[in-house]
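Below, each chain spelled out in residue letters.
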Amino acid sequence: MRAIALHAQALGDPRTDPRQEDLAMAATTGGTPSAHHEHPGRMDGVCNEFTVFTKIKPGEADALRADLAAMADAANDKDVHAAVRQIGTLHDARHVIFDNDTRFMFASVFDGSWDTYIDDFAKTVVGERFDKVFSHSEGFPGVKDPGAKDWFLAHQEPAGVFVSAYPDLTVQQIYKDQRVDEAFQEVLDTPEFRTALENPANAELVATPAFQKLLEEASA
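Quick summary incoming for the structure in this document. Owing to the predicted nature of the structure, the values given are computational and were not obtained by experimental measurement. (Residues numbered from 1 in each chain as written. Predicted model: local features only at pLDDT ≥ 70, side-chain atom pairs only at ≥ 80, totals over all residues. Heavy atoms only, no water.)

Let's shift gears to the overall build of the protein. Scanning the protein for helices and strands turns up 11 helices and four strands. Classification of the 220 residues of the protein by burial places 40% in the buried group. Partitioning the intrachain contacts of the protein with sequence separation of at least 6 by distance along the chain shows that 72% fall at a separation of at least 24. (Helix = DSSP H or I, 4+ residues; strand = E, 2+ residues; numbered from the N terminus. Buried < 20%, exposed > 50% of the residue type's maximum accessible area, 1.4 Å probe, protein only. Contact = heavy atoms within 4.5 Å.)

Relative to strand β4 (residues 103–111), strand β3 (residues 90–98) runs antiparallel, the two being bridged by eight bridges. Its bridge partner being in β4, Phe98 is matched across the sheet by Arg103. (Pairing = 2+ DSSP bridges.)

Our focus in this paragraph is the packing of aromatic side chains. The geometry of an aromatic ring pair comes down to the distance between the two centres and the angle between the two planes. Counted according to the given criterion, the structure contains 19 aromatic pairs. Each ring, one from Phe50 and one from Phe106, has its centre 6.1 Å from the other, and the planes form 70°; the classification is edge-to-face. Of this pair, Phe50 sits in strand β2 (residues 47–55) while Phe106 sits in strand β4; the two residues are 56 residues apart in sequence, bridging distant segments of the chain. Using a relative accessible area of 1% as the deciding quantity, one classes Phe50 as buried. Residue classification places Phe106 among the buried residues on the basis of a relative accessible area of 0%. A connected cluster of aromatic rings, assembled from ring pairs, spans Phe50, Phe104, Phe106, Phe110, Trp114, Tyr117, Phe121, Phe130, Phe134, Phe140, Trp151 and Phe152. Over the ring of Tyr175 we find Arg85; its NZ or CZ atom is 3.7 Å from the centre of that ring. (Phe/Tyr/Trp six-rings, centres within 6.5 Å; stacked < 30°, edge-to-face > 60°. Lys NZ or Arg CZ within 6 Å of the ring centre and 35° of its normal.)

A word on helix α4 (residues 78–87). Note on helix geometry: an α-helix contains 3.6 residues per turn, so any two residues three or four positions apart are oriented the same way. The complete set of buried residues in α4 reads Val80, Ala83 and Ile87. Buried residues of α4, viewed axially, fall in a sector of 60°; they line one side. Of the exposed residues in α4, the ones pointing more than 90 degrees away from its buried face are Lys78 and Gln86. Directly beyond the C-terminal end of α4, a positive phi value near 70° is found at Gly88. (Arc of directions from axis to C-beta.)

The next point concerns the sheet that holds strand β1 (residues 43–44). Strand order in this open sheet of four strands is β1-β2-β4-β3, and the pairing throughout is antiparallel. The sheet is open, and its two edges are formed by β1 and β3, each paired on a single side. Bridge count for β2 against β4 is nine bridges, and the pairing is antiparallel. Bridging from a neighbouring strand, Phe53 pairs with Met105 of β4.

Below, the structure is given as structure tokens:
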């Protein structure tokens, strides 16, 4: 819940990943998070878009399609979700075969530096799956190869327009918003909370606009 998360930020910084500090600075000062590589992706607040177009090796479109189907089946695998949590900066990702099975697109939205984003994928089970999928693209050296970043840069194209629905929220902040919301909803469901609301001793606090807004957002 956005309002509750904002209220919680006053009690403590929700960013658990040190990389998010650079993102907050970029969002508030107009700066750009540091990175070793210049990349053509667009930014909206703390969110970066990453879009890669490749040529599929002749005759390998069906093999790529099969690998993508296997990846889709594994999307609910606990190891995959654990890896995405471990990466901690990925908002979403999609894979598309197009141009009569001759080209392939990978697109995602992430937080933080481009270099760290690529490095983090290589360290998880997601990187192994990426290796298998991109192995059907011409010239791909492997996600752990020293030349992988140069290859991605050579095949990356910027979006003409990129808009995020929540440009000031990192993945880590969204995770915390969810945890705070779940915890607060549990509090709302307790009889002790209702008793506290009805206690005349708490009337002044309950009547404050901030507390009323909190209750309104919680019941929305």
